[in-house]
Amino acid sequence: KESYAAWLQYKKIDDAALVKEYQKWASNIESLADSIVIQSAQNELNTALSLMLDIQPKISSDIKPVNSIVLASMKELNLLDKLDVDFDQINEDGYMIKTVTSDENSTIYLLGKRDAGVLYAAFHLLRLMQNREKLDHLNIVESPKNQLRMINQWDNMDGSIERGYAGKSIFYKDDVFSEELNRIQDYARLLSSVGINAISINNVNVHQVETNLITSSLLPKVTEVASIFRAYGIKTFLSINYASTIQLGDLDTADPLDPEVKEWWKNKAKEIYRFIPDFGGFLVKADSEHRPGPFTYNRNHADGANMLAEALEPFGGLVIWRCFVYNCLQDWRDRSTDRARAAYDHFKPLDGQFHENVILQIKNGPMDFQVREAVSPLFGAMPQTNQMMEFQVTQEYTGQQRHLCYLVPQWKEILDFDTYANGEGSPVKQVVDGSMFPYRYSGIAAVSNIGNDYNWTGHTLAQANLYGFGRLTWNPDLEAETITNEWIGQTFGQDELVNEQISQMLLKSWEIYEHYTSPLGVGWMVNPHYHYGPNVDGYEYSVWGTYHFADCHGIGVDRTVQTGTGYTAQYFKENTEMYESLDTCPDELLLFFHHVPYTHKLKSGVTVIQHIYNTHFEGVQEAEELKERWTTLKDRINSERYEDILNRLEEQVSHSKEWRDIINTYFYRKSGIADEQNRKIY
Ligand code: BDP
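Here the residue index of a chain counts from 1 through its sequence in written order. pLDDT decides what is reported in this predicted model: residues at 70 or higher carry local features, side-chain atom pairs at 80 or more are listed and counted, and totals for whole chains, interfaces and linings draw on all residues regardless. Only hydrogens and water are removed before side-chain values are computed, so all heavy atoms of the structure are retained for them.

Here we look at the overall build of the protein
Stage number 1. Each helix corresponds to a stretch of at least 4 residues labelled H or I by DSSP, and each strand to a stretch of at least 2 residues labelled E; elements are numbered beginning at the N terminus. On a plain count of helices and strands, the protein comes out with 20 helices and 18 strands.
Stage number 2. If one aligns the C-alpha atoms of the protein with their principal axes, the spans along those axes are about 80 × 65 × 50 Å.
Stage number 3. With a 1.4 Å probe rolled over the protein chains alone, any residue whose accessible area is under 20% of its type maximum counts as buried; one over 50% counts as exposed, and the rest are partly exposed. The burial tally for the protein puts 64% of its 682 residues in the buried class.
Stage number 4. Taking the intrachain contacts of the protein between residues at least 6 apart in sequence as the baseline, contacts between residues at least 24 apart amount to 72%.
Stage number 5. Across the protein, 63 positive and 95 negative side-chain charges occur, with their mean positions spaced 2 Å apart. Note on definitions: a residue-residue contact is assigned when non-hydrogen atoms from the two residues lie within 4.5 Å. The charge count treats Lys and Arg as positive and Asp and Glu as negative. His and the chain ends do not count. Charge positions come from single atoms, namely NZ of Lys, CZ of Arg, CG of Asp or CD of Glu.

Some points on the nonpolar core
Stage number 1. Formed by 209 residues in total, the largest nonpolar core has its most connected members in Tyr187, Phe229, Trp321, Ile502, Trp630 and Phe667.
Stage number 2. Here this core gets eleven residues from one element, more than from any other, and that element is helix H4 (residues 115–130).
Stage number 3. Leu32, Val70, Ala72 and Leu80 belong to the second-largest nonpolar core, a separate cluster that totals eleven residues. Residues belong to a common nonpolar core when they are buried Ala, Val, Leu, Ile, Met, Phe, Trp, Tyr or Cys residues joined through side-chain atoms within 4.5 Å.

Considering the sheet that holds strand E2 (residues 58–60)
Stage number 1. Any two strands are treated as partners once DSSP identifies two or more bridges connecting them. Read across the open sheet, the six strands follow the order E2-E1-E3-E5-E4-E6; overall the sheet is mixed. For this open sheet the edge positions go to E2 and strand E6 (139–142), each flanked by a neighbour on one side alone. The average undirected angle you get between the axes of adjacent strands in this sheet is 15°.
Stage number 2. Where strand E4 (residues 95–101) meets strand E5 (residues 106–112), seven bridges bridge the pair, whose relative direction is antiparallel. Convention adopted: a line fitted to C-alpha atoms gives each axis, helices being fitted over their contacting stretch, and angles between N-to-C directions are expressed from 0 to 180 degrees.

What about the UniProt feature "domain: Glycosyl hydrolase family 67 catalytic" (unreviewed entry) in the protein?
Stage number 1. The positions UniProt marks with the feature "domain: Glycosyl hydrolase family 67 catalytic" (unreviewed entry) are residues 129–456.
Stage number 2. Segment residues 129–456 splits into 26% helix and 15% strand. End C-alpha atoms: 24 Å apart. UniProt positions are given in the numbering used here, feature names are shortened, and annotations may be inferred rather than shown by experiment.

What to know about the pattern of salt bridges
Stage number 1. Criterion for a salt bridge: a side-chain nitrogen of Lys or Arg within 4 Å of a carboxyl oxygen of Asp or Glu. Overall, the coordinates contain 35 salt bridges when judged by the stated rule.
Stage number 2. Two residues, Asp331 and Arg333, come together in a salt bridge whose shortest N-O distance is 3.0 Å.
Stage number 3. Judged by relative accessible area, which is 62%, Arg333 ranks as exposed.
Stage number 4. Where Glu486 meets Arg471, a salt bridge forms, and the shortest distance between an N and an O atom there is 2.9 Å. With Glu486 in helix H15 (residues 480–492) and Arg471 in helix H14 (residues 463–474), the pair connects residues that are 15 residues apart, well separated along the chain.
Stage number 5. Of the residues examined, Glu486 reaches a relative accessible area of 13% and is grouped as buried.
Stage number 6. The exposure class assigned to Arg471 is buried, which follows from its relative accessible area of 8%.
Stage number 7. Here the residues in one salt-bridge network are Glu92, Asp93, Arg114 and Arg149, joined through shared partners.

Some remarks on the UniProt feature "domain: Alpha glucuronidase N-terminal" (unreviewed entry) in the protein
Stage number 1. Within the UniProt annotation, "domain: Alpha glucuronidase N-terminal" (unreviewed entry) is assigned to residues 6–125.
Stage number 2. The span residues 6–125 is 33% helical and 22% strand by assignment, and the distance between its end C-alpha atoms comes to 17 Å.

Focus: the site of the ligand
Stage number 1. Any residue with a non-hydrogen atom lying within 4 Å of a molecule or strand is treated as near it. Neighbouring the ligand are 13 residues; Glu162, Lys285, Arg322, Asp368 and Glu396 lie closest to it.
Stage number 2. Pairing of N or O atoms within 3.5 Å defines a polar contact, subject to two protein rules: one partner must be a possible hydrogen donor and the other a possible acceptor, and residues neighboring in sequence count only if both atoms are side-chain atoms. Between the ligand and Glu162 there is a distance of 2.4 Å, counted from an oxygen atom to a side-chain nitrogen or oxygen.
Stage number 3. Between the ligand and the protein, one listed contact pairs an oxygen atom with a side-chain N or O atom of Lys363 at 2.7 Å.
Stage number 4. For the area figures, the Shrake-Rupley method with a 1.4 Å probe applies, and any residue is considered shielded solely by the protein chains shown. Starting from 310 Å² of accessible surface for the ligand in isolation, the protein chains cover 96%.
Stage number 5. A per-class count over the shell around the ligand returns three nonpolar, two polar and eight charged. Note that Gly is not counted as nonpolar here; it falls among the polar residues with everything else outside the nonpolar set of Ala, Val, Leu, Ile, Met, Phe, Trp, Tyr, Cys and Pro and the charged set of Asp, Glu, Lys and Arg.

A word on the packing of helix H5 (residues 181–193) against helix H7 (residues 219–230)
Stage number 1. Where H5 contacts H7, the two axes come as close as 9 Å, and the packing angle between them is 40°. As for how H5 packs across H7, the hand of that crossing is right-handed. Contact with H5, carried on its side by Leu181, Ile184, Gln185, Tyr187, Ala188 and Leu191, involves Glu224, Val225, Ile228 and Phe229 of H7 and no other residues of that element.
Stage number 2. Each residue belonging to the contact of H5 with H7 can be placed in one class, and the counts come to eight nonpolar, one polar and one charged. Rotating anticlockwise by less than a right angle from the far helix to the near helix defines a left-handed crossing, while the corresponding clockwise rotation defines a right-handed one.

Some points on the side chain of Asp433
Stage number 1. Along the chain, Asp433 turns up in the loop between helix H13 (428–432) and strand E16 (443–447).
Stage number 2. One buried charged residue, Asp433, forms no salt bridge at all, with the nearest opposite charge on Lys145 at 6.4 Å.
Stage number 3. A polar contact of 2.7 Å, which involves the side chain of Asp433, links it to the side chain of Ser435.
Stage number 4. Setting aside its immediate chain neighbours within four residues, Asp433 contacts Lys145, Asn146 and Ser442.

A look at the pairing of strand E11 (residues 235–240)
Stage number 1. Of all six residues that make up E11, five are buried, and the element is covered over most of its length.
Stage number 2. Relative to E11, strand E10 (residues 198–200) runs parallel, the two being bridged by three bridges. Bridge pairing in E11 links Ile199 to Thr236.
Stage number 3. In the sheet, E11 pairs with strand E12 (residues 281–284) via four bridges, with the strands oriented parallel. When the sheet's bridge partners are listed, Phe237 is paired in E12 with Gly281.

Remarks on the sheet that holds E16
Sheet strands associate in pairs through backbone hydrogen bonding, adopting either a parallel or an antiparallel arrangement.
Stage number 1. If you trace the eight strands once around the closed barrel, you get E7-E10-E11-E12-E13-E14-E15-E16, paired in parallel fashion. Each strand axis lies, on average, 25° off the axis of its neighbour in the sheet, ignoring direction.
Stage number 2. Against the sheet, helix H12 (residues 408–416) makes contact with strand E15 (387–392) and E16, and its axis sits at roughly 160° relative to E15, the strand it touches most.

Focus on unusual backbone geometry
Stage number 1. Located in the positive-phi region is Ala6, a residue other than glycine, with phi close to 50°.
Stage number 2. Residue position: Ala6 is located in the loop between helix H1 (2–5) and helix H2 (16–26).
Stage number 3. Note on Ala6: relative accessible area 1%, which makes it buried.
Stage number 4. Residues other than glycine seldom take positive phi values, yet Gln401 does so here, at roughly 65°.
Stage number 5. Assignment of secondary structure puts Gln401 in the loop between E15 and H12.
Stage number 6. Residue classification places Gln401 among the buried positions, given a relative accessible area of 0%.

Focus on the packing of aromatic side chains
Stage number 1. Working definition: rings of Phe, Tyr and Trp (its six-membered ring) pair if their centres are within 6.5 Å, and the pair is stacked with planes under 30 degrees apart, edge-to-face with planes over 60 apart, and tilted otherwise. Inspection of every chain in the model, using the stated rule, returns 36 aromatic pairs.
Stage number 2. With centroids separated by 4.9 Å and ring planes inclined at 80°, the aromatic side chains of Trp264 and Trp265 adopt a geometry described as edge-to-face.
Stage number 3. Looking at Trp265, the relative accessible area reads 0%, which means it is buried.
Stage number 4. Seen from their ring centres, Trp524 and Tyr539 are 5.6 Å apart, and the 70° between their planes marks the pair as edge-to-face. Taken together, the residues span a long stretch of sequence, with Trp524 in the loop between helix H16 (496–516) and strand E17 (554–555) and Tyr539 in the loop between H16 and E17 at a distance of 15 residues. Accessibility classification places Trp524 together with Tyr539 in one group, the buried group.
Stage number 5. Over the face of the ring belonging to Trp456 we find Arg183, whose NZ or CZ atom lies 4.0 Å from the ring centre.
Stage number 6. Here the basic side chain of Arg333 rests over the ring of Trp332, its NZ or CZ set 5.8 Å away from the ring centre. Both a distance and an angle decide whether a charge sits over a ring: NZ of Lys or CZ of Arg must be within 6 Å of the ring centre and within 35 degrees of the ring normal.

Observations concerning the environment of Gln400
Stage number 1. Within the secondary structure, Gln400 is located in the loop between E15 and H12.
Stage number 2. Note on Gln400: relative accessible area 9%, which makes it buried.
Stage number 3. The sequence separation of Gln400 and Val557 amounts to 157 residues, and the corresponding C-alpha distance is 26 Å.
Stage number 4. Other than its neighbours up to four places away in sequence, Gln400 contacts Tyr165, Gln395, Tyr530, His531 and Tyr532.
Stage number 5. Within the local environment of Gln400, its side chain forms a polar contact with the backbone oxygen of Tyr530, the two atoms lying 2.7 Å apart.

Set out below in structure tokens:
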């Protein structure tokens, strides 16, 4: 099925002249390097070129005086006589694509510093061909901005996926590894095609079965999966149970300073690396939402992370330590604690205390992947500690892949956010790409949105989120429009109307979703546990630290220094001042930072209550327009994908009405203030 192939469609090109032109190079593939990664590049080219051009490329391992595509890494440079290239312009994962034409023949060189770069170059070339670009004067020089470009699976071994909205796990079933290795390989192809180079293959909440992943009973299977990813330049990581020493029955403590615990992990690391010599390392959720951690032993998170780091260090392994640490058993009547403060309060004082092979993985916002929240103030606040970003591709709070919500614009806003960590012009993207402070390791990770649904992502258009995430980790400076067009062209072909309509749909969808859900940055208002569908007070009187404080006078969380929780002080001065003052706090985050009366006038000129009514009516209308736009493409998209997407858009329309009505009614009743336009509210 088309939807399975996602953006690697490789449809037969019907423009005969173009086919002829492409065939010129594509008839011969000369692969000077030889490794499993190069093999993957060769296979991908071979499959793609056969499908698109209806030819069988000849593959050879030496240079011939014919038109060809040549694959080589820096090691093979000596075989490329006369070729004038400078490998110093690219980094470890970088590549160059060059078309060199002489009187006799023409060659497209795919050149990487290492083999992974050659593979990325191959995918780049195929992207150009899928988008019908000219190849005769290529001179492309590409290096990824981020060192770690990572995907986190939240898959459990029973086959379920925590916050998964596209079927079951492709990795596990009924507590054992899946036998369908082809599916995992196809996933590796998708990830590698957008430059992903690391993956953790199990949920951060590690239960008893998954605790066994680091034991000799399951390591052979992990090894098999790791080999699949290795062939695509992707390193495998595991999420570990911090209390493995206890859970696996070997010790009665997990105290990071206990010599036996240290020794246990050192031996464990040795064992793992015997199986997987290039194992990536551990991803750790500790002392968070009932997971074990160093706090039990009165140790801090540097103690916990460093103990693991020492064990992995001899093998070049990394500890990716999550900062999602907060009190999830709060007394909601006690307003002195603010969950938003937690990560900074826990980690900032530890700056400089972590080992070099520890990276702190920080969620984009201080709460939890809401449709809109402030950027975590921890970014840039720890110049001496490796940091990386955690995004959520899976749409837990953004419509669960039943609603269309394209997150690339949101991620770009976050990456572009100026932290002022080094004065003006210190955006988050330069913190996490390691260029602002001398981080040894850094990058961007995200929770995946795929499962075993035939189209990977449930909503076929949600494939764009996975694609866009990868492209942004490679280069956060890419424009949202560029990424979007690239994706549409590869996924749906070259029809201009299709391109125009889908691009409009995607680029507006985040804002539309925001319009009919929780307003002005306040967040939540979802059904507890499931996080789908409106429930304004669902989390208001619970222990999770997630409130909106709506009463008959007003709404919002006062996080100011003057009168609130003091959270605003966690930012650098310029941002503290901006958020602290009602005059300068941006409208879209007003209720994240301030508690205001319903009659408070926004910068847009309307009152808070009227804004709530307006956006909720607008949101539904816009959801209807999404559907309308889609129907204009009826005869241009194959019926499987057309119907699938139409069904989801229809559900979105009706569900957006539920959101609108519940939110509007709630606030009308609380405030007693009528809609200026007298629309039907209750
Ligand atoms: C929340 C999810 C929960 C995750 C947690 C985490 O609701 O399922 O386990 O984040 O990131 O968003 O650890």
